[in-house]
Amino acid sequence: MTSENQPKLRSRAWFDNPDNIDMTALYLERYLNFGLSLEELQSGKPIIGIAQTGSDLSPCNRHHLVLAERVREGIREMGGIALEFPVHPIQETGKRPTAGLDRNLAYLGLVELLYGYPLDGVVLTVGCDKTTPACLMAAATVNIPAIALSVGPMLNGWHKGERTGSGTIVWKARELLAAGEIEAKEFIRLVASSAPSTGYCNTMGTATTMNSLTEALGMSLPGSAAIPAPYRDRQEVAYDTGKRIVEMVAEDLKPSDILTREAFENAIVVNSAIGGSTNAPIHINAIARHIGVELPLDTWQEKGHHVPLLVNLQPAGEYLGEDYYRAGGVPAVVAQLMGQGLIHEGAVTVNGKTIGDNCRGVAIEDEKVIRPFEAPLKEEAGFVVLRGNLFDSAIMKTSVIDQAFRARYLSNPEDPEAFEGPAVVFDGPEDYHHRIDDPALGITPETLLFMRGAGPIGYPGAAEVVNMRPPAYLIREGVHALPCIGDGRQSGTSGSPSILNASPEAAAMGGLALIRTGDRVRIDLRKGTADVLIPDEELAERRRVLAEAGGYPYPASQTPWQEIQRGIVGQMETGAILEGAEKYQKIAQTRGLPRDNH
Ligand code: FES
Ligand code: MG
């Protein structure tokens, strides 16, 4: 690559600025101190960041420490210089009180790094649930050439000849434990069997979802999302990703060229076909806002609801990550959807080609795992958006509604797709764990379980606690799921057909703050409504009394970031971003480089 055919590199303002030689010397000397040479730094080679999300604290992404070596080799091969740096780690299962709290923190940190250092392009090492949106949100805000590299899922988990999938096995094992069928030691062994190698959750949880959607958005190389972490193909695509980012810098191919309205609609359609996580709308809407694309929540139902489920992965289906990859991964799914005209084929991707060109003609390699469009696992597998006096919006993932649930709640011929029942309300997961098995609550199969105080402000960060198991006595009678409704999230690995992400949350005085145990509630999936059946006047009176008492109570902040984020975070319907941050994408073209620091 020669310097004439590439755009002026932003890193030159640091390392090769004849108009400001004293600052150039200052910037250069410190980057020489670990072995980079003056010739290299002044050669006109692009400086490529490797945004490293892996560490001992984030086991899902830890394999990126290894993959980064291959990324560097790819960058070198094409004439770039790699600078690896850490991103604030986020571990979905390890971070208390929530990993949700850290998505926006990692975003914020990465924006400063990408903008404030001499980087011409960046490889985003993504994987575990929140790491993917955090990186894409930051790349959208700064809008320098960026390519995502997934770390890939773990190998399949096995226990006594059966596949055990991340998270999904936890919910099942908890039921077995509650029913007294297994003991503590067996419980831990069963859960641990689902994590046999490096990598992220091997189910269609939020990680596989977000990495699949990153590929569908065009932000990672075609065919790369599904490769299991330990496979040699994963090393190969790390190398290819490193090579490609150098070309992207030369082509000045930026996130704003890729993350278009069409790309987001493609992601929504793919999300339905893969049985994607209920966290996807939060994160995808957050990315859309940071790149400046309008994507109201209703778009998810409009574009996604009628799309069938094609991918047979847990929790909606049977298989796991290795099977998904062997069956063809994202390109095979996209090819099926293209056959129905459901994909905007002209959307550009990081390899410089369109998604249509990348995926056209890609065959399914195993139809048990990825179904042809004509023989789906379920029709109409996308989300339903619900509204009413309980909340302005919440979503329900219809692909996980099983026969038993449908028979009990959605099969009344006089009132199809609707059900009514009394509410039992829990204020946070501690309250739920404490009382769920208390017979005094009088929970029956008609009961609707409510979880509140679990949103972005209330928890804070929005906890994955809305899917609640029924009381042990009902499980023993064969009732494995009650309708659950809440202002928190649910793990993408859960197969519970909960009504989630309610916005505004109770802590923001949404309708959930007003509901009481014993109130009757009506849900109508066809009409898209969710209401507590009490008169408006009484609701207004409850609201007045609660507001006078200081609003819905939630625990005090325990760290500075909890307090800062609570003050500016939006609700889940609009991506739960730091409100105001989205305007920094719009000024990307005019803001120029940061001022010198001395
Ligand atoms: Fe990290 Fe599931 S916990 S990917
Ligand atoms: Mg999760």
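Values in this document were obtained by computation on a predicted structure and should not be read as measured data.

Caption draft 1: The arrangement of the nonpolar core in detail. Of all hydrophobic cores here, the largest spans 164 residues; its most connected members are Leu124, Cys135, Val333 and Val334. Residue contacts for Val334: discarding those within four places in its chain leaves Ala216, Val270, Ile343, Ile355 and Cys359.

Caption draft 2: Just helix α5 (residues 100-116), in detail. With 17 residues, α5 ought to run about 24 Å at 1.5 Å a step, and its terminal C-alpha atoms sit 25 Å apart, in line with that. Of the positions making up α5, those classed as buried are Gly100, Leu101, Asp102, Arg103, Asn104, Ala106, Tyr107, Leu110, Val111 and Leu114. At its buried positions, α5 is contacted by β1 (47-52), β3 (121-126), α6 (131-142) and α22 (560-568).

Caption draft 3: Spotlight on the environment of Asn266. Mapping Asn266 onto the fold places it in helix α12 (residues 261-274). Separated by 72 residues in the primary sequence, Asn266 and Met338 have C-alpha atoms spaced 10.0 Å apart. In this structure, Asn266 is in contact with Ala216, Ile343, His344, Ala347 and Ile355, ignoring residues within four places of it in sequence.

Caption draft 4: Structural detail: the UniProt feature "domain: Dihydroxy-acid/6-phosphogluconate dehydratase N-terminal" (unreviewed entry) in the protein. Taken from the UniProt record, the annotation "domain: Dihydroxy-acid/6-phosphogluconate dehydratase N-terminal" (unreviewed entry) applies to residues 45-358. Within residues 45-358, the helical portion is 48% and the strand portion 9%, while the C-alpha atoms at the span's ends are 29 Å from each other.

Caption draft 5: Seen up close, the sheet that holds β3. In spatial order, the strands read β2-β1-β3-β4; together these four strands make up an open sheet with parallel pairing. With one partner strand each, in any of the chains shown, β2 (81-86) and β4 (146-150) form the two edges of the open sheet. The sheet shows a mean angle of 20° between the axes of neighbouring strands, direction not considered.

Caption draft 6: Spatial organisation of the domain arrangement of the protein. Segmenting the protein into domains produces domain 1 (45-156 + 196-359) and domain 2 (384-549). Of the residues lining the interface, 24 residues belong to domain 1; the matching set on domain 2 comes to 22 residues. Among the elements that line the side of domain 1 that touches domain 2, the one with the most residues is helix α14 (residues 298-304), at three residues.

Caption draft 7: Region of the structure containing helix α21 (residues 536-548). Over its 13 residues, α21 runs 18 Å from end to end, which matches the ideal 18 Å to within 8%, given 1.5 Å per residue. Counting buried positions along α21 yields zero of 13 residues, so the element is predominantly exposed. After α21 finishes, the residue Gly550 shows a positive phi value of roughly 105°.

Caption draft 8: Local environment of the packing of α6 against helix α9 (residues 206-217). Closest axis-to-axis distance for the α6/α9 pair is 9 Å, and the angle between their directions is 35°. Between α6 and α9, the residues in contact are Thr132, Pro133 and Leu136 and Met210, Asn211 and Thr214, respectively. By residue class, the composition of the contact of α6 with α9 is three nonpolar, three polar and no charged.

Caption draft 9: Main features of the confidence of the model for the protein. For the protein, the mean per-residue pLDDT works out to 95, and 99% of the residues sit at or above 70. Highest mean pLDDT in the protein belongs to β4 (99); lowest belongs to helix α18 (residues 403-409) (86). Prediction confidence for the complex, expressed as pTM and ipTM, is 0.97 and 0.93 respectively.

Caption draft 10: Highlighting the environment of Leu155. Examined against the element boundaries, Leu155 turns out to sit in the loop between β4 and β5 (157-159). Since 19 C-beta atoms lie within 10 Å of it, Leu155 is described here as partly exposed. Each C-alpha atom of the pair Leu155 and Ser220 lies 21 Å from the other, and the pair is 65 residues apart in sequence. The residues touching Leu155, leaving out its near neighbours within four places in the chain, are Pro196, Ser197, Asn202, Pro228, Pro230 and Glu322.

Caption draft 11: Region of interest: the packing of helix α7 (residues 168-178) against helix α8 (residues 184-192). Put simply, α7 and α8 touch, their axes get as near as 9 Å, and they point 165° apart. Between α7 and α8, the angle is such that the two are roughly antiparallel. Between α7 and α8 the crossing geometry is right-handed. From α7, Ile169, Val170, Ala173 and Leu177 reach across to α8, where they touch Phe187, Leu190 and Val191. A breakdown of the residues in the contact of α7 with α8 according to their chemical character gives seven nonpolar, no polar and no charged.

Caption draft 12: The arrangement of the pairing of strand β14 (residues 529-532) in detail. What you see with β14 is a clean split: Ala530 and Val532 sit on the buried side and Thr529 and Asp531 on the side with no burial. By the bridge criterion, four bridges tie strand β13 (residues 520-524) to β14 in an arrangement that is antiparallel. Within β14, the position partnered with Ile523 by the bridge is Ala530. Hairpin connection, β13 to β14: the antiparallel pair is bridged by four residues, and Gly528 has positive phi, about 70°.

Conventions used here
- Residues numbered from 1 in each chain as written.
- Chains lettered and ligands numbered in written order.
- Predicted model: local features only at pLDDT ≥ 70, side-chain atom pairs only at ≥ 80, totals over all residues.
- Core = buried A, V, L, I, M, F, W, Y, C linked by C-beta atoms within 7 Å.
- Buried ≥ 20, exposed ≤ 12 C-beta atoms within 10 Å, placed from the backbone.
- Contact = placed C-beta atoms within 7 Å.
- Helix = DSSP H or I, 4+ residues; strand = E, 2+ residues; numbered from the N terminus.
- Expected span 1.5 Å × (residues − 1).
- UniProt positions renumbered as here; feature names shortened; annotations may be inferred.
- Pairing = 2+ DSSP bridges.
- Axes fitted to C-alpha atoms, helices over the stretch in contact; angles between N-to-C directions.
- Domains from an automatic or database assignment.
- Nonpolar A, V, L, I, M, F, W, Y, C, P; charged D, E, K, R; others polar.
- pLDDT = per-residue confidence, 0-100.
- Parallel < 35°, antiparallel > 145°, perpendicular 65-115°, else oblique.
- Left-handed = near helix turned anticlockwise from the far one by under 90°.

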